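What the coordinates show
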Amino acid sequence: MELNIYDFDIVYRPSSKMGNADFCSRFPLPDEVPVSLQREFIKSLNVSDEFPLDHVLIASETEQDEFIQRIVSYMKHGWPKKLERSLLDVYAQHQDLELIDGCLLYQDRVFIPASLQKQMLKLLHRNHSGITKIKQMARRTVYWYGMNSDIESFVKSCSVCCQLNAVTKPVSNSSWIPTTKPFTRIHADFFYFDKKVFLVIVDSFSKWIEVEYMKFGTDARKVKTKFLNVFARFGLPDVVVTDGGPPFSSKELIDFFEKHGVKVMKSPPYNPSSNGQAERMVRVVKEGFRWRESLLRSSKSAEAGGHPKAPRFVLGEEREGPAKKAC
C-alpha cells in the first residue's frame, strides 16, 4: 500500500453503524497465505514524468557506485565491528537507511550517487536561487554526504550569481532617524536600465517601492506628474529626500512640494550613500529586472533544446507571496 504519499484521517466506525458483512469477506480459507504475499511495502518512489532523473536511472547509477554498494552490502549482511572512518557517519544513521526499488533512501530522501550529484546541483540551482533556498529544497528530497558544502561551492562558482552579487560597501557612521508610521519620509532617485529611465520612490518605514517609467523625459513637470500619482494613492508625506539632480533642484518642483507642506531635503554632492534608502531600492529593482531577463533566456534556451522541465519543487517555484505592510 502506498500510504506515505497521502494525507488522510483515520476515524473509528462502530460495527453497529456498518452494513451487513458479505459472505466472501468472512468465509475462512483453508489454505494459508503464502509468505511472499505477506510482505507490506510502505515506501515507494513517486517521480513525475517531467523529472530528468527518474528512479530507474538513479537505481542504475546506484549499482555502479562503489561507496553505496558497500553500504547496501552491510545493510544486507550485517555491519562489522570495526569500520573505516568514511563509514562511521553512515553507521551512526544506519537505522534510517533502506533500499527501495534499487535506490538507497535516507529517511524519505533519495541517496544520490556521486555520478549524478553534479546534475542534481544544476537542477536545484536552475533558477539561480540562493544557498539557503537550495539547501531547503534539497533537504526535502535528496541526500548525500557533504551535500551542504557541495551546494555552497556550486553557488559561489556560478558566473551568473557572481555578476549579480552586491559589492560590499563601508558602513556609514550616520543614519536617518527611524520613522514611526508609513509615508512620513520618502526617498526618490532616478536610475537607468536597458537604455530606459525610471523613477524609484521608497517609503522609509514600510520599504514600499514605487517604480515609474519616465518614457517622455525627466523634466520637472513630468516628474511632478509622477509624484502626484503616488500622492493620490498614499497621501502627502512630511519629507521628500532626493539628490541634487536638475529635476529635483528645479524651482517648479520645489515650489510644488512646499505648496503642499512637504519638506525637501537634499543629499550632499558626491555622497549618494546619504540617500541610501533610494540607492538600495534601485539595486533591488535592477536585480529583479536582471533575474527576469536571465530566467527568460534560460526558459527560451530550454524550450529550443527540447529539454524536459523539472518539477516545481526542484525549480524553486514554491515561493511565498510578498509581505504586505500598511501604508
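No experiment lies behind these values; they were computed from the predicted model shown. (Residues numbered from 1 in each chain as written. Predicted model: local features only at pLDDT ≥ 70, side-chain atom pairs only at ≥ 80, totals over all residues. Heavy atoms only, no water.)

Strand order in the open sheet formed by five strands is E7-E6-E5-E8-E9, and the pairing between neighbours is mixed. Of all strands in the sheet, those with a lone pairing partner are strand E7 (209–213) and strand E9 (263–266), marking the two edges. Strand-to-strand, the axes of this sheet are offset by a mean angle of 25°, without reference to chain direction. Pairing of strand E6 (residues 196–203) with E7 involves five bridges; the strand directions are antiparallel. Looking at the pairing, Val 202 lines up with Ile 209 of E7. (Pairing = 2+ DSSP bridges. Helix = DSSP H or I, 4+ residues; strand = E, 2+ residues; numbered from the N terminus. Axes fitted to C-alpha atoms, helices over the stretch in contact; angles between N-to-C directions.)

All right, on to the confidence of the model for the protein chain then. Residues of the protein chain with pLDDT of at least 70 account for 73%, and the chain-wide mean is 78. Counting interchain partners and residues more than four positions distant, the pLDDT-below-50 stretch residues 307–327 has 42 contacts. (pLDDT = per-residue confidence, 0-100. Contact = heavy atoms within 4.5 Å.)

Under the counting rule described, the total for this entry stands at 19 aromatic pairs. Look at Phe 111 and Tyr 143: their rings are 5.6 Å apart centre to centre, the planes differ by 75°, and that puts the pair in the edge-to-face class. Here the residue Phe 111 occupies a position in strand E3 (residues 109–111), and Tyr 143 occupies one in strand E4 (residues 142–143), the gap between them amounting to 32 residues. Each of the two residues, Phe 111 as well as Tyr 143, counts as buried. For the ring pair Phe 231 and Phe 256, a centre distance of 6.4 Å and an interplane angle of 10° mean the geometry is stacked. Remark: Phe 256 occurs in helix H11 (residues 251–259) and Phe 231 occurs in helix H9 (residues 220–234); sequence separation between them is 25 residues. By relative accessible area, Phe 231 is classed as buried at 8%. These aromatic residues form a ring-pair network of at least three members: Phe 67, Tyr 106, Phe 111, Tyr 143 and Tyr 145. (Phe/Tyr/Trp six-rings, centres within 6.5 Å; stacked < 30°, edge-to-face > 60°. Buried < 20%, exposed > 50% of the residue type's maximum accessible area, 1.4 Å probe, protein only.)

Time to look at a nonpolar patch on the surface. On the surface, Tyr 6, Phe 8 and Ile 10 cluster together to form a nonpolar patch covering roughly 400 Å² of accessible area. Mapped onto the elements, Phe 8 comes out in the segment before helix H1 (23–26). (Patch = residues over 30% accessible without salt bridge, like charges linked within 9 Å, V, L, I, M, F, W, Y side chains within 5 Å. Areas by Shrake-Rupley, 256 points an atom, 1.4 Å probe, with all protein chains shown as cover. Salt bridge = Lys/Arg side-chain N within 4 Å of Asp/Glu carboxyl O.)

Here we come to the pattern of salt bridges. Considering all chains together, one arrives at nine salt bridges under this definition. The salt bridge partner of Lys 226 is Glu 212, with a shortest N-O separation of 3.9 Å. On the criterion of sequence distance, the pair formed by Lys 226 in helix H9 and Glu 212 in strand E7 is long-range, its members being 14 residues apart. Given a relative accessible area of 13%, Glu 212 falls into the buried group. Here the salt bridges share partners, and the residues they tie into one network are Glu 210, Glu 212, Lys 226 and Arg 233.

Here we come to the pairing of strand E5 (residues 185–193). Among the nine residues in E5, eight count as buried, and that is most of the element. With three bridges joining them, E5 and strand E8 (residues 239–242) adopt parallel strand pairing. Paired with Arg 185 across the two strands is Val 239, which belongs to E8. Inspection of the sheet shows E5 paired to E6 by eight bridges, in the antiparallel sense. Opposite Phe 193, over in E6, you have Lys 196 as the bridge partner. Here E5 folds back onto E6 in antiparallel fashion, the turn holding two residues, of which Asp 194 has a positive phi close to 55°.

Moving on, we get to the environment of Val 197. Mapping Val 197 onto the fold places it in strand E6. Val 197 sits in the buried class, given a relative accessible area of 17%. As for Val 197 and Glu 212, which are separated by 15 residues in sequence, their C-alpha atoms are 8.8 Å apart. With sequence-adjacent residues up to four places away left out, Val 197 is seen in contact with Phe 190, Phe 191, Tyr 192, Glu 212, Tyr 213, Met 214 and Thr 218.

Turning to helix H5 (residues 114–124), a few remarks are in order. Listed as buried for H5 are Leu 116, Gln 117, Met 120, Leu 121, Leu 123 and Leu 124. Along H5, the residues classed as buried sweep out an arc of 155° about the axis, all on the same side. Buried residues in H5 make contact with helix H2 (55–64), helix H6 (131–141), E4 and helix H7 (147–156). (Arc of directions from axis to C-beta.)

For Ser 250, the position within the fold is in the loop between helix H10 (246–249) and H11. On the basis of relative accessible area, Ser 250 is assigned to the buried category, the value being 17%. A polar contact is formed between the side chain of Ser 250 and the backbone oxygen of Pro 247, at a distance of 2.8 Å. (Polar contact = N/O pair within 3.5 Å; in protein donor to acceptor, adjacent residues only side chain to side chain.)

Strand order in the open sheet formed by four strands is E1-E2-E3-E4, and the pairing between neighbours is mixed. Only two strands of the sheet have a single partner each, and these edge strands are strand E1 (97–100) and E4. As judged from the four bridges shared by E1 and strand E2 (residues 103–106), these two strands associate in the antiparallel manner. Paired with Ile 100 across the bridge in E2 is Cys 103. Contacting E3 and E4, H6 crosses the sheet at an angle of about 85° to E3.

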